[in-house]
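Observations on the model geometry
Next come the chains, spelled out residue by residue.
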Amino acid sequence: MIKLNNISPNIGARKPKKRVGRGPGSGTGKTSARGHKGARARSGYSASPGFEGGQMPLHRRLPKRGFTNIFKKIYNIVSLDDLNIFDAGSIINQDSLIGAGILKKPGLVKILANGDLTKIITVKVDKVSEGAREKIIAVGGTVED
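To keep things clear, this report deals only with the structure shown in the data block.

1. What to know about the pattern of salt bridges
Counted according to the given criterion, the structure contains three salt bridges. Between E52 and R61 there is a salt bridge, and its shortest N-O distance comes to 3.1 Å. Its relative accessible area of 42% is what places R61 among the partly exposed residues. For E144, the salt bridge goes to K124, with nearest N and O atoms at 3.5 Å. Taken as a pair, E144 in the segment after β6 (142-143) and K124 in the loop between β4 (122-123) and β5 (127-128) lie far apart in primary sequence, 20 residues in all.

2. Regarding a nonpolar patch on the surface
Taken together, the side chains of I2, L4 and I7 present a nonpolar region at the surface, about 400 Å² in accessible area. Structurally, the position occupied by I7 is in the segment before α1 (58-61).

3. What about the sheet that holds strand β2 (residues 91-92)?
What the three strands build is an open sheet, ordered β2-β4-β6; its pairing is parallel. Each end of this open sheet is capped by a strand with a single partner; those strands are β2 and β6. Looking at chain direction, β2 and β4 are connected through two bridges and run parallel. Note that in β4 the partner of I92 across the bridge is V123.

4. Observations concerning the sheet that holds β5
Spatial strand order, β1-β3-β5: three strands in an open sheet with parallel pairing. Since the sheet does not close on itself, it has two edges, and those belong to β1 (75-79) and β5, each with one partner.

5. A short note on the environment of N69
Relative to the elements of secondary structure, N69 occurs in the loop between α1 and β1. Since its relative accessible area comes to 41%, N69 is described here as partly exposed. Reaching out from N69, the side chain makes a polar contact with the backbone nitrogen of F71 at a distance of 3.0 Å.

Calculation notes
- Residues numbered from 1 in each chain as written.
- Predicted model: local features only at pLDDT ≥ 70, side-chain atom pairs only at ≥ 80, totals over all residues.
- Heavy atoms only, no water.
- Salt bridge = Lys/Arg side-chain N within 4 Å of Asp/Glu carboxyl O.
- Buried < 20%, exposed > 50% of the residue type's maximum accessible area, 1.4 Å probe, protein only.
- Helix = DSSP H or I, 4+ residues; strand = E, 2+ residues; numbered from the N terminus.
- Patch = residues over 30% accessible without salt bridge, like charges linked within 9 Å, V, L, I, M, F, W, Y side chains within 5 Å.
- Areas by Shrake-Rupley, 256 points an atom, 1.4 Å probe, with all protein chains shown as cover.
- Pairing = 2+ DSSP bridges.
- Polar contact = N/O pair within 3.5 Å; in protein donor to acceptor, adjacent residues only side chain to side chain.

So this is what it looks like as structure tokens:
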């Protein structure tokens, strides 16, 4: 029967720590398993990330690719499901979305056709996907660009 006083870890689960610099008989004496000279043998050594011992590092061997488009437009995405919180006949624009807590900060707004719309609304935002436009018009709402 297993009790707290007779349990022990599996064999090999607890390995004793390597004690370096304890004489030639230990196998890790003299140079303390660091080898002779060189940066790695010195105290306080730490290689910078990506350093490969003088060999050209991988991040410099690989070619540069692509670029960052400084004119990229980032849209705040709003689903049709989110618009159901508004009353019927209301006008949806950036200010109303921020007021309702759907958007955190001002920016370009795009409405996507995720979910279904149940109320007649007027949408005045920067972009509306084709699917969302069809669903809004099918319910009886309008989209103004």
